[in-house]
Amino acid sequence: MSYCRQEGKDRIIFVTKEDHETPSSAELVADDPNDPYEDHGLILPNGEINWNCPCLGGMASGPCGEQFKSAFSCFHYSKEEIKGSDCVDHFRAMQECMQKYPDLYPQEDDEEEEEEKQSKDLEATPAAGQEKEGSS
């Protein structure tokens with residue numbers, strides 16, 4: 001016999017082997033492609049950009065969100081032979097904004113330099129128990 005119990009916010013359902021042997025009576029509902037609350041990818045069915053897509057990593061909502069949206073939109077809708085070549089000013093504005101917030105938008109060069117510095121510091125520190133060459 002199956003039963004349920006509540007533990008805090010969780011509801012735990014125990015079922016028996018017999019419960020699993022009977023076919024499910026659940027009815028699946030087809031997704032509504034026009035549901036504005038449905039999760040979609042980067043591009044919505046109507047061709048617009050989905051600024052709520054997790055794939056954007058929150059870039060559209062930070063302090064430089066408007067600059068990001070402007071640059072990304074320009075690139076997405078660009079008709080130039082070299083896609084996005086007409087968006088340089090938008091990307092420059094986004095980059096200038098991001099440089100004002102280095103804690104939120106660390107540059108890759110900064111991260112690599114910090115890792116290299118830590119690596120060199122470890123190499124420069126002699127390992128415990130090693131003797132210097134030439135001493136006896």
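Refer to the structure presented above.
In this report, we go over the structure that sits alongside the text. By convention here, each chain's residues receive numbers from 1 onward along its written sequence. pLDDT decides what is reported in this predicted model: residues at 70 or higher carry local features, side-chain atom pairs at 80 or more are listed and counted, and totals for whole chains, interfaces and linings draw on all residues regardless. The side-chain figures draw on all heavy atoms in the structure; neither hydrogens nor water molecules are used.

1. Here's the deal with the packing of helix α2 (residues 65-77) against helix α3 (residues 88-99)
Geometrically, a packed helix pair is captured by the angle between its two axes and the distance between the axes.
Okay, step 1: To obtain an axis, a line is fitted to C-alpha atoms, over the contacting stretch when the element is a helix, and the angle between two such axes runs from 0 to 180 degrees between their N-to-C directions. The way it works is that DSSP assigns letters per residue, a run of H or I at least four long becomes a helix, a run of E at least two long becomes a strand, and they are numbered from the N terminus. Orientation of α2 relative to α3, taken along the N-to-C sense of each, is 155°, at an axis distance of 8 Å. Considering the angle they form, α2 stands roughly antiparallel to α3. Handedness of the α2/α3 crossing: left-handed. Seen from α2, the contacting residues are Gln67, Phe68, Ser70, Ala71, Cys74 and Phe75; seen from α3, they are His90, Phe91, Ala93, Met94 and Cys97.
Okay, step 2: Across the contact of α2 with α3, the residue classes tally to 8 nonpolar, 3 polar and no charged. Here the word oblique covers every angle except those under 35 degrees (roughly parallel), over 145 (roughly antiparallel) and from 65 to 115 (roughly perpendicular). In a left-handed crossing the near helix is turned counterclockwise from the far helix by less than a right angle, and in a right-handed crossing that turn is clockwise. Contacts between residues were defined by any pair of non-hydrogen atoms, one from each residue, lying within 4.5 Å. Ten residue types, Ala, Val, Leu, Ile, Met, Phe, Trp, Tyr, Cys and Pro, are classed as nonpolar, four, Asp, Glu, Lys and Arg, as charged, and the remainder, Gly among them, as polar.

2. Some details on the state of the cysteines
Okay, step 1: Cysteine sulfur pairs qualify as disulfides if the two atoms are within 2.5 Å. With the rule as written, the count across this model stands at 3 disulfides.
Okay, step 2: The disulfide partner of cysteine 64 is cysteine 97, and the S-S distance across this bridge is 2.0 Å. Torsion about the S-S bond of the cysteine 64 and cysteine 97 cystine: about -90°, corresponding to left-handed handedness. Note that cysteine 64 is positioned in the loop between α1 (17-21) and α2 and cysteine 97 in helix α3, a separation of 33 residues in sequence.
Okay, step 3: Between buried and exposed lies partly exposed: a residue is buried under 20% and exposed over 50% of the maximum accessible area for its type, with that area taken using a 1.4 Å probe on protein chains only. With relative accessibility at 7%, the residue cysteine 97 sits in the buried group.
Okay, step 4: With its sulfur 2.1 Å from that of its partner, cysteine 74 forms a disulfide with cysteine 87. Between cysteine 74 and cysteine 87, the disulfide has an S-S torsion of -90° and is therefore left-handed. Taken together, the residues span a long stretch of sequence, with cysteine 74 in helix α2 and cysteine 87 in the loop between α2 and α3 at a distance of 13 residues.
Okay, step 5: Owing to a relative accessible area of 0%, cysteine 87 belongs among the buried residues under this scheme.
Okay, step 6: When the cysteines of the protein chain that form disulfides are numbered from the N-terminus onward, they connect as 1-2, 3-6, 4-5.

3. Focus: the pattern of salt bridges
Okay, step 1: Criterion for a salt bridge: a side-chain nitrogen of Lys or Arg within 4 Å of a carboxyl oxygen of Asp or Glu. Counting across every chain of the model gives 4 salt bridges.
Okay, step 2: Two residues, aspartate 10 and lysine 9, come together in a salt bridge whose shortest N-O distance is 3.2 Å.
Okay, step 3: For aspartate 10, a relative accessible area of 39% puts it in the partly exposed group.
Okay, step 4: Across the salt bridge formed by aspartate 89 and arginine 92, the nearest N and O atoms sit 3.2 Å from each other. Within this pair, aspartate 89 and its partner arginine 92 are both found in helix α3, separated by 3 residues, close to a single helical turn.
Okay, step 5: Its relative accessible area of 59% is what places aspartate 89 among the exposed residues.

4. Examining the side chain of serine 78
Okay, step 1: If you trace the backbone, serine 78 turns up in the loop between α2 and α3.
Okay, step 2: Any pair of nitrogen or oxygen atoms within 3.5 Å is treated as a polar contact; in protein, a donor-acceptor pairing is required on top of that, and neighbouring residues in sequence qualify only through side-chain atoms on both sides. In this structure the side chain of serine 78 is engaged in a polar contact, spanning 3.0 Å, whose partner is the backbone nitrogen of glycine 84.

5. Quick notes on the environment of leucine 42
Okay, step 1: One can find leucine 42 in the loop between α1 and α2.
Okay, step 2: Since its relative accessible area comes to 27%, leucine 42 is described here as partly exposed.
Okay, step 3: Sequence separation of leucine 42 and asparagine 52 is 10 residues, and the distance between their C-alpha atoms is 8.2 Å.
Okay, step 4: Sequence-distant contacts of leucine 42, defined by excluding residues within four places in its chain, comprise Glu48, Ile49, Asn50, Cys53, Cys55, Leu56 and Phe72.

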